[in-house]
Each structure stands twice: as C-alpha cells, then as structure tokens.
Amino acid sequence: MSLGVGDTGRNIAAVLKNRGLRRALLAFAVFRPTESAQWIAILVYAYGAGGTKEMGIAAVALLVPTALSAPFVAQVGDRIHRERALALGYLCLGVAAGLTAASLALSLPSTVVYLFAALVNISISMIRPTHLSILPELAETPAQLTAANALTSTLEGFAVFIGPLLAGVLIAADGPRLVFGVMAFMMIAVGLLVLAVHARARMTEHHGAVGDALEGFRELKRRPGARLLLGFVAGQTVVIGALDVLTVVLAYGVLSMGPSGPGVLSAAVGVGGLIGAAATVTLIGRERLAPAFFLGVFVIGVPIALVAFTSGSTAALILLGVAGIGKSFFDVTSRTLLQRSVDDDVLARVFGVQEGLAMAALALGSVIAPIVVNRIGVDAAFLLAGLALPAVAVIALERIRSVDRDSAAADPADVALLRGTALFAPLGPANLERVARNLIPVEVAAGDVVIAEGDQGDRFYLIADGSLEVSRGGTPLAKLGRGDFVGEIALLRNVARTATVIAAEPSSLRALDRSHFLAAVTGSPAGAVALAQEMDRRLSEHDD
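First, a word on what this report is: a plain description of the structure on this page. (Residues numbered from 1 in each chain as written. Predicted model: local features only at pLDDT ≥ 70, side-chain atom pairs only at ≥ 80, totals over all residues. Heavy atoms only, no water.)

## Side note on helix 11 (residues 290–306)
Let me state the cut-off plainly: Only DSSP runs of H or I reaching four residues or more are called helices, and only runs of E reaching two or more are called strands; each is numbered from the N terminus. Here a helix's expected span is defined as the number of its residues, less one, multiplied by 1.5 Å. Accessibility here uses a 1.4 Å probe with only protein chains present; expressed as a share of the type maximum, an area under 20% marks a residue as buried, one over 50% as exposed, and anything in between as partly exposed.
Between its first and last C-alpha, helix 11 extends 24 Å over 17 residues, near the 24 Å set by a 1.5 Å rise per residue. When we look at burial in helix 11, the residues that qualify are Ala290, Ala292, Phe293, Phe294, Gly296, Val297, Ile300, Gly301, Pro303, Ile304 and Ala305.

## A closer look at the environment of valine 415
By secondary structure assignment, the location of valine 415 is in helix 16 (residues 412–419). Since its relative accessible area comes to 4%, valine 415 is described here as buried. On a C-alpha basis, the gap between valine 415 and glutamate 433 in space is 6.3 Å, while along the polypeptide they are 18 residues apart.

## What about the sheet that holds strand 5 (residues 475–480)?
Note the cut-off: Whether two strands pair depends on DSSP finding at least two bridges between them. All axes are obtained by fitting lines to C-alpha atoms, using only the stretch in contact for helices, and the reported angles, taken between N-to-C directions, cover 0 to 180 degrees.
Across the sheet, 4 strands lie side by side as 2-7-4-5; this open sheet has antiparallel pairing. Each of the sheet's edge strands pairs with one partner strand only, and the pair in question is strand 2 (449–451) and strand 5. Taking the axes of each pair of neighbouring strands and ignoring which way they run, one obtains an average angle of 30° across the sheet. Note: strand 4 (residues 468–472) against strand 5, 5 bridges, orientation antiparallel. Within strand 5, the residue paired with leucine 468 across the bridge is leucine 480.

## Some remarks on the nonpolar core
Filter applied, for reference: Here, the term nonpolar core denotes a set of buried Ala, Val, Leu, Ile, Met, Phe, Trp, Tyr and Cys residues that are joined through side-chain atoms within 4.5 Å. In what follows, a contact means two residues having at least one pair of non-hydrogen atoms within 4.5 Å.
With 109 residues, the main nonpolar core has Tyr90, Phe232 and Phe382 as its most contacted residues. If you tally residues by element for this core, the top one is helix 2 (residues 19–74), at 19 residues. Not counting chain neighbours up to four residues away, the residues in contact with phenylalanine 382 comprise Leu243, Leu246, Leu250, Ile304, Ala305, Val307 and Ala308. Core analysis: the next-biggest nonpolar cluster, separate from the first, contains 16 residues, Phe424, Val435, Ala436 and Phe485 among them.

## Thoughts on the packing of helix 4 (residues 82–105) against helix 7 (residues 176–194)
Here is the rule: When an angle is under 35 degrees it counts as roughly parallel; over 145 it counts as roughly antiparallel; between 65 and 115 it counts as roughly perpendicular; any other value is oblique. Left-handed describes a crossing in which the near helix is turned anticlockwise from the far one by less than a right angle; the clockwise case is right-handed. Residues are grouped as follows: nonpolar covers Ala, Val, Leu, Ile, Met, Phe, Trp, Tyr, Cys and Pro; charged covers Asp, Glu, Lys and Arg; every other residue, Gly included, is treated as polar.
Closest axis-to-axis distance for the helix 4/helix 7 pair is 7 Å, and the angle between their directions is 160°. As far as their axial angle goes, helix 7 and helix 4 are roughly antiparallel. The two elements helix 4 and helix 7 meet at a crossing, and its hand is left-handed. Considered class by class, the residues forming the contact of helix 4 with helix 7 number 18 nonpolar, 5 polar and 2 charged.

This is the structure:
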C-alpha cells in the first residue's frame, strides 16, 4: 500500500509533534554536519602533512580502532535507556573533539592528533547506532518510523552539503583546529538537549560486556537477510571512503579547482542527498522497499562511474549530485529494512556491528583508492568504485526481494490488535510488525472446539472478533472476548492443554505457532516480563 501526499504530510507532522523524535532529530541535525566537517578537516591536515600517503595512514589510524570497538561501544544503547546512551555519546564526542582541537592548537605531533581524532570517531560510533535504534522506541506507528528515517536521511543529505562548506569556512579562518573546537561546543550542547528525551520503557538484560556485544553478531547469524543488508551497507561505505580520497585527487590533480575543490565536490553529493531525501518521503507507507533499494544502489554507482568520462568541474558536480540522490534512497531503505528485520532489544548492537563494518569499510576504501589511482589511474578508479556494487546487486536481486517480502508491512488491524493486548503492548512498532506478519487467521463457527483439554499444544490464539468460553473438567471458568488470548501455558511449559476452549459464537482468531510465539514473548526482555505478569494473573484466575 502507498500513501497519498496528505497521509505522508500527516506522518511527517506527527514525527515533528512527537517531542522525543523532534529532539532526537534536532540533535542529529547538529551532529551530522560537524561529523562531515571533522572528517574533511582531518584529511586536509593529513594531506598537508604528507600528501595522499599520509591520508591513507590517517584513515587507518582513525577508522580501524573505531571498527574494532564499535560493536562494544554501541551496546551501551541496549544496556541503559537509549536516551541516556545517546546523550552520553554526544557528550563524549564533545570532549574528544575538544582534545583534538587543543592538540592542533598546540601543534602537538601528528600521532597525538590522530589519537584524539580516533577518540572522536569512536564516540561517533556510539551515536549513530543509538540514534537509529531509539527511533523505533520513539515512533508511535510503522509509518512514523519510516518518516523518521526519511527525515534522518534528509538531515544527512543536508549535512553532506553543509558539512564540507562549514569545514571550508572554518579551515580558511583558522585551520582544522577551529573545526574541532566548534564541534566540541556544539556536541556538549546537544548532549544536554538529549537528556530531556524520554523513550518508551524498555527492560534490559546484562551478561557482561563481551557477551552483550556479541549478541549483535548472534542476531545477525540468525537473520541472513540482515547480514545481506549489512554487506551492502559495508560495500556502499567502501565506495564512499574511496570517493572521499578520489574527490581530493580529482579536485587538485585533474580539475585544478584549488583548496576549496574537495569541499565543493563533496558538497555536490550533499545537494543531491537533499533532493533525494525530499523524494524519499514517497516511501512512507510502502509495503515493498526493494525497488527503491535497487534504485539507490544504481543511482549511487552509475554516476560515479561516469565521472571517469568528464573533463570539466560542472559535469563532475552534476554527476556527484545525482549519486547523492541515490545515497538517500539507499540509506532510508536499508535502515528501514534492517529495523524491521532484527529484534528491538539488540537493535543498537546490530547497528553497532554495522557501524564497525562501516568504519572498516571507510578505512578500506580510503586505503585502496590511492593504491588504485597510482596503479591504474583516476579514471579507472572512478569506474571501479561506481560499477562494483551495482554488479553485486544484480547477482543478489532475488535475495533482496526475499528480505523485502519477509519484512513487508503487516495488516494495520493486526498490529492494533497486538498493541491492545497486555502481552504484546511493551513491544516497539518494529517488533509488533514482525509478530503481526506471523499471525495466522483462523475462523471458527459457534460450538467449534478451539482447544481440547489434554491435547498437545502447538498454537497460541488471540481473539480478533467474537468470544470464546473456557472450561476445565466441564466446569466453566471464563468467557473471553476481543483482545483476550488462550493457549500460552501449554506452549511455555511444554505440557498438555489444561482447559477446553469453545467458540461461543462465530469468531475470528489470530494464531501464532509455537516457535513464533516463543520468539516474540521470550526473545524480548520486555515481552518476557509482561508474559510473567500475565501468567501470574491468569493462573491466579485458573484460566488457560
């Protein structure tokens, strides 16, 4: 199903009226331009210190530690309340940026500068996973979640445009140190802002730092579709890492654009990102995201490849702008599909794994690009960077479509039914969608036996319409209606049915098989707590 312009506008308005989402997005809007600016600042510093070779060294020094630590750092978003984890990330980033600015101002050795800049990137690796994992908690509907992702992409496109310009202005005024000084001030300010965000209550479990971090990897092992998505994200980030270097080489070595050239070329990607992000609002409410995902992959890659055939700055700017449009579609679709594909309670850790892979991929792209340029030339490097991912997408076409089908939007009526049930109410929108997709419609006539006492239990039943009568040993126990449920005790305890359930009138039920039921209520700490409370109540009333 797709939404009209009015529905799209209402969903965006609902996001902006949601106080928590509004503050989280405002903080992200301040964070992203400074993130882009600091990366350009450190590359400019490295280029001035030793040319393209030093740029590769700097990329490794900054990004490899971040890649290794990101899954561990990001778990903070699953261990404590995510709004506090997000505030902590911003505050840590502010302190690290301040230390980097001080090291530059004092003209300390480059080793010290890279050490503090690495701390900046490690702090960044906490922020993005926590931001992306807090959105499903703050969103009130799946459409709001897609809208929040679209707005996040809009902000990223804006950042890719503003960040390089900000970097250019600040570097021209007082060098890279001013970029980090401004970042320090702004990140401390937004960290204090985020402290006022209040997300949906969420239970957490702790098994030790290593065990918690590895849970993100375990979740990906269970979800092959999510692994595929992360592979594409990593591949796209390799391209972006290479492009960061290639734009510097293109600006200085090919187009002779002068000191502002790299920033201008990077800004072109940002302008395209803004246009693309505005267009991604058309994705809100769509059941199928695979077409837009593939569109993003190809619209990123093909224009980058075509830069190899340009000889002027205008054509290069246009092509990089088109690539920015594709990046927006890729970002929104890959994030939304990933949020739909994994359990909410490990979502920050999964995004932490993604962040670690992205940092490693960024470093890989930054290291490979100078080597490729030196071996086969700038033009061939652009061709390789642009065409690699589309080629993989063609090969993986059916697998991506499968992921899309498995995570397609559920019936809104079933989602509402689950949300109104005590057992499932604690779950966030993404988890509710997942449970709703596994519901099996069951229609029964008056007098039909839904559950027979003594039988082996294989299904859980939720009443969507009508009513059921529960009895034990011929003694009536209860009459249940819409929103009530039966059958959970036999599934949880692996025992025979403890009561008989008969339809009192023609009724519409929703069934969950044993595996899906257990995954829904015991795979989530919040669901497990709600289940325990509900079982205590039901057993005290002698219901099944």
